[in-house]
Each structure stands twice: as C-alpha cells, then as structure tokens.
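Below are the chains, spelled out letter by letter.
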Amino acid sequence: MARPQPKPWISEIHAYVPGKSKSASGKPLTKLSANENPLGSSPAALAALAEGHVAADYPDPDARALREKIAAVHGLDPDRIVCGTGSGELLHCAVQALAGPGDEVLASRYSFSLYPLLAQKIGATPVFADPEGYAASVDNLLAAVTPATKVVLLDNPNNPVGSFLPPSEVARLHAGLPSDVLLIVDEAYGEYVDPALQQAAFDFAARYENVLVSRTFSKAYGLASERVGWVTGAPHLIDLVNRLRGAFNVSVSGQKAALAALGDQDFVRASREHNTAERARLADAIAMLGNHGLSASPSEANFLLVHFEGEVSATEAVEALSEAGYAVRHLPGQGLPNAVRITIGKSDDMTRVIACLRALCGEVA
Ligand SMILES: *Cc1c(COP(=O)(O)O)cnc(C)c1O
C-alpha cells in the first residue's frame, strides 16, 4: 500500500547529530562535546527561572522586553531584532525566505554542521568553499559564488575550527558579494572574542541591506536548555524572519532567563576570562605534544579542534578520554576523521583532559 512520500530532497537529509553525553557502554560522561558553558548560568538568570511563571499562559509573541534589553546592551534598534527558539530557528527562517530548489547556500567546508541541513530542507544545494588550512577563506568563498547563490553563512568564530575572521576580512567578504546575496554572520561564540572586535558585525548589519547577524544565549550566557537566540539586520530582513518564525517561539522562562542574564554582564566576562585562560592552557599542553603529531587550530571560541597526525589516532583519543570520563566530539562525518573538538570545561576537568592526552602519548604526567 502506498505510504505518504517525502519530497526527494527531504529523503537525503541526515538528522543533526548532537554531542554525546554517554560512553559506548552507557556510562554518563562529563560533556565536552556540545560547547556548553562549564560555569553554568548566571545566578541572576537562575533566580529569574526560580520565580516561576503561569504555565497556562502564552509568552509575549514579540519578546518585546527581551528585544529592548538586547538593544540596550548592544546599542541596537529593538525593531531590528527578532528573537527565536535558539538562533538555529532564525537561521532556518532566513535561509528559507531567500533560497529554494535550484538555489545554492554557501559556507566554508568546515563550518556548523547545521548549515547543510538548512539548505537541504528547502531543496536548495549546500555548497562548500575550500578553506585555507581549516579556516574560512574569503577568496575561496567569493570564488564559489555563482548566479544561483542566495545565502552565504559565516560562523565567526567558526564551529568546529574555532577560527575567527577579523572585521576587515568580513568587510572584504561582504564587499565582494553581489548585493542580492544575503550574508549571515553567525556569532554564536561572539561573546568569547576580544570585546574590541565584538561590535563590527552589528555595524555591518545596521548599515547594509544584505547582512544578518545572529547571536545566542546557548553558549557564553549558559542558557542552552532555554533555547533563545536572536538576529539583527535591515527591516526587510527582519520582516521576512518574522513571517516564518514560530508565533510564540520563545517560552516565558526563556524570555525571563535571557532578560536577567543580559543584566549580568559580569557573568559573561567571567565566562570569557575563564575560557581564554583554560583554552590557552590546553593549547600549550597540545603544542608540547607536537612531537607526537598533535596540534590545535587557533581558536577564538570555547573549544579547540585538536588534530591527531602521529602515532595516536583521533579514535584512540576519543576512547581514552571516554575512559577518563569525558565526552568529546569526533568529526569524521564532517570530513575531519583525524580531529577531535574539545569544549573548554572547568579547570580541574581540563587538568584531567591534559593528563589523559599526555598519558596517551606516553609522556609521564
Ligand atoms: C551552538 C551554535 C549555535 C547556537 O544554536 P542555538 O540554536 O542558538 O542553540 C549557532 N551557530 C553555531 C555555529 C553554533 O555552534
């Protein structure tokens, strides 16, 4: 008997693979696989959540108070902001509004694993530009633009590499794109970057008709479970995203927690400082294992992409870290079979991760 049949482009989709939290044997592991904040959440956000709310009532469909607070913190216009069920929802909306079957959605070869899904679910073709080393190359992205290109997705800092294009390079990318191609600058890790470089993308989004910048509360704000993100850009882009997003897409608790978290910039600063220090410590430890074939890509994010090109394989490293109690992200599905992405965790966890990698290389702790 005939069954309902999916569209052919839907059949080709592999569902998003989230970071692991259990070993092969089912043992719970400390997660260094999903880039969550090891410091947890701001006490102000936790207090707002503890207040509770009337679960029977719908949330504010326009997240007005939250948008006003975001605008105040970043010097933006609240009417040029849309909030979403994580930034992921808004990326889906923006791509869906502008691309469809026969169109191309461009990103760097190593970028957020959600990007090809955004294109595939609407029947568009994901296209990947060759990186430079592992990082996005502006020249290669521009060379990959065709008349079918509708959207360029740039995660900056990038996931899984951690690489960061400075504002001058983002400007060069934007300047080289046709004005009818949308540039989405996905700043999920934006709060981890040097504060002096954090405003540039917002300025592009305020100035140009074809730039959207996305941010999330899932990483430095430590609110991944609440599913809150936002985008800013020109009014016509905001209008498109508003038409496609869910009507009540940010829950009451999500709006409350995000609002309170924005008021606690000390927590964000502490998260960035912890991350910068521990990332440098892990990077130094890996550099010292260079004679065993280990290296880490330079990162401005809250993780390091570690390459295993000597006697120790990435698979062995994943197993050893799992034995030691840690889930990390092995990325063969993203064309990186020799690489492992390790989220920067708590200090004592990083000490154990370093000891585990040293032991694996036969170096005494
Ligand atoms: C984690 C991440 C996001 C955030 O997704 P949410 O839906 O906001 O939780 C977006 N982009 C990149 C590159 C990420 O790594």
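Residues numbered from 1 in each chain as written. Predicted model: local features only at pLDDT ≥ 70, side-chain atom pairs only at ≥ 80, totals over all residues. Heavy atoms only, no water.

### Considerations on the sheet that holds strand 6 (residues 182-186)
Taken in spatial order, the seven strands make up an open sheet running 2-8-7-6-5-3-4, and their pairing is mixed. Edge positions in the sheet fall to strand 2 (81-85) and strand 4 (125-129), since each of these pairs with one other strand and no more. Within the sheet, the average angular offset between the axes of one strand and its neighbour, ignoring direction, is 25°. In this sheet, strand 7 (residues 211-216) lies alongside strand 6 in parallel orientation, the contact comprising four bridges. By the bridge assignment, Val 185 is partnered in strand 7 with Val 213. Across the sheet, helix 4 (residues 86-98) touches strand 2, strand 3 (104-108), strand 5 (149-155), strand 6, strand 7 and strand 8 (228-233), and the angle it forms with strand 2 is around 115°. Against the sheet, helix 7 (residues 167-176) makes contact with strand 5, strand 6 and strand 7, and its axis sits at roughly 160° relative to strand 6, the strand it touches most. (Pairing = 2+ DSSP bridges. Helix = DSSP H or I, 4+ residues; strand = E, 2+ residues; numbered from the N terminus. Axes fitted to C-alpha atoms, helices over the stretch in contact; angles between N-to-C directions. Contact = heavy atoms within 4.5 Å.)

### Structural notes on the UniProt feature "domain: Aminotransferase class I/classII large" (unreviewed entry) in the protein
Those residues carrying the UniProt feature "domain: Aminotransferase class I/classII large" (unreviewed entry) are residues 29-354 in this numbering. The distance separating the terminal C-alpha atoms of residues 29-354 is 16 Å; by composition the span is 38% helix and 19% strand. (UniProt positions renumbered as here; feature names shortened; annotations may be inferred.)

### Digging into the nonpolar core
Counting residues in hydrophobic clusters, the biggest one holds 42 residues, and the most contacted among them are Leu 66 and Phe 217. The contact partners of Phe 217, leaving out residues within four places of it in the chain, are Leu 66, Ile 70, Gly 222, Leu 223, Ala 224, Val 228, Gly 229, Trp 230, Ala 258 and Leu 262. Listed in part, the 27 residues of the second largest apolar core include Leu 90, Ala 124, Ala 234 and Leu 237. (Core = buried A, V, L, I, M, F, W, Y, C linked by side-chain atoms within 4.5 Å. Buried < 20%, exposed > 50% of the residue type's maximum accessible area, 1.4 Å probe, protein only.)

### Here we look at the packing of aromatic side chains
Note on aromatic pairs: each is described by the distance of the centres and the angle between the planes. On inspection of all chains with the given rule, the structure shows seven aromatic pairs. Measuring from ring centre to ring centre gives 5.7 Å for Tyr 110 and Tyr 134, while their planes differ by 40°; the resulting arrangement is tilted. A residue pair is termed long-range when its members are at least 10 positions apart, and Tyr 110 in the loop between strand 3 and helix 5 (115-120) and Tyr 134 in the loop between strand 4 and helix 6 (138-143) qualify at 24 residues. Classification of Tyr 134 as partly exposed rests on a relative accessible area of 27%. With a centroid separation of 6.2 Å and an interplanar angle of 25°, the aromatic rings of Phe 204 and Tyr 208 are classed as stacked. According to the relative accessible area criterion, Phe 204 is buried, its value standing at 12%. (Phe/Tyr/Trp six-rings, centres within 6.5 Å; stacked < 30°, edge-to-face > 60°.)

### Focus: the pattern of salt bridges
Enumeration over the complete set of coordinates arrives at 16 salt bridges. For Asp 349, the salt bridge goes to Arg 352, with nearest N and O atoms at 3.2 Å. With Asp 349 and Arg 352 both in helix 13 (residues 347-360), this residue pair falls three residues apart, about one helical turn. The class for Arg 352 is partly exposed, based on a relative accessible area of 44%. Three or more residues are tied together by salt bridges with common partners; here these are Arg 64, Glu 68 and Asp 79. (Salt bridge = Lys/Arg side-chain N within 4 Å of Asp/Glu carboxyl O.)

### Topic: the packing of helix 11 (residues 265-287) against helix 13
At a minimum axis distance of 10 Å, the contact between helix 11 and helix 13 shows a crossing angle of 10°. Between helix 11 and helix 13, the angle is such that the two are roughly parallel. Here His 274, Glu 278, Arg 281, Leu 282, Ala 285 and Ile 286 of helix 11 lie close against helix 13, whose contacting residues are Ser 347, Met 350, Thr 351, Val 353, Ile 354 and Leu 357. Of the residues belonging to the contact of helix 11 with helix 13, the class tally is seven nonpolar, three polar and two charged. (Parallel < 35°, antiparallel > 145°, perpendicular 65-115°, else oblique. Nonpolar A, V, L, I, M, F, W, Y, C, P; charged D, E, K, R; others polar.)

### Observations regarding the site of the ligand
Surveying the vicinity of the ligand reveals 13 residues, the closest of which are Asp 186, Tyr 189, Thr 216, Ser 218 and Lys 219. A distance of 2.8 Å is found between an oxygen atom of the ligand and a side-chain nitrogen or oxygen belonging to Asn 159. The element contributing the most residues to the shell around the ligand is helix 4, with three residues. For the shell around the ligand, a count of residues per class yields three nonpolar, six polar and four charged. (Near = heavy atom within 4 Å. Polar contact = N/O pair within 3.5 Å; in protein donor to acceptor, adjacent residues only side chain to side chain.)

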